[in-house]
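# Observations on chain architecture
Below are the chains, spelled out letter by letter.
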Amino acid sequence: MLQKKERVTYGSMSLDIDNDGDTDLIVAQTFGIFVYLNNGDHFSEKRINPLLGLETYGVPVSLTAGDINKDSGQMEFGGTNYIILLPGKGKI
């Protein structure tokens, strides 16, 4: 687990992502999107790897969830990134 002092949380939501009856957490933090699965007596952390190299140039700031493809309540979720453009680092 990363040191908590190095993280800033920008957005979060709670839902049962693994359909086990427990409420889980999804958190947009400085270094990515993290899922905290509720295992009844503790949470296990898993980082969701960003796409397209955005972990270098972006910070996730918000999250949303819904049954986008209408598959009987299976929830999908998405997030938005704040993109940081640095001079001399090329184009994204």
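Every value quoted in this text rests on a predicted model; they were computed, and no experiment measured them.

What counts, and at which threshold
Residues numbered from 1 in each chain as written. Predicted model: local features only at pLDDT ≥ 70, side-chain atom pairs only at ≥ 80, totals over all residues. Heavy atoms only, no water. Pairing = 2+ DSSP bridges. Helix = DSSP H or I, 4+ residues; strand = E, 2+ residues; numbered from the N terminus. Axes fitted to C-alpha atoms, helices over the stretch in contact; angles between N-to-C directions. Buried < 20%, exposed > 50% of the residue type's maximum accessible area, 1.4 Å probe, protein only. Lys, Arg positive; Asp, Glu negative; His and termini not counted. Salt bridge = Lys/Arg side-chain N within 4 Å of Asp/Glu carboxyl O. Polar contact = N/O pair within 3.5 Å; in protein donor to acceptor, adjacent residues only side chain to side chain.

## As for the sheet that holds strand E2 (residues 24–29)
Overall, antiparallel pairing links the four strands, which are arranged E1-E2-E3-E4 in an open sheet. Among the strands making up the open sheet, the edge pair consists of strand E1 (9–15) and strand E4 (43–48). Taking each pair of neighbouring strands and ignoring which way they run, the sheet shows an average axis angle of 20°. Inspection of the sheet shows E2 paired to strand E3 (residues 32–38) by five bridges, in the antiparallel sense. Pairing of Ala28 across the sheet is with Ile33, part of E3.

## Details of the side chain of Asp24
Within the secondary structure layout, Asp24 lies in strand E2. Buried within the structure, Asp24 lacks any salt-bridge partner; its nearest side chain of opposite charge belongs to Lys46, at an N-O separation of 12 Å. Separated by 3.5 Å, the side chain of Asp24 and the backbone nitrogen of Asp18 make a polar contact.

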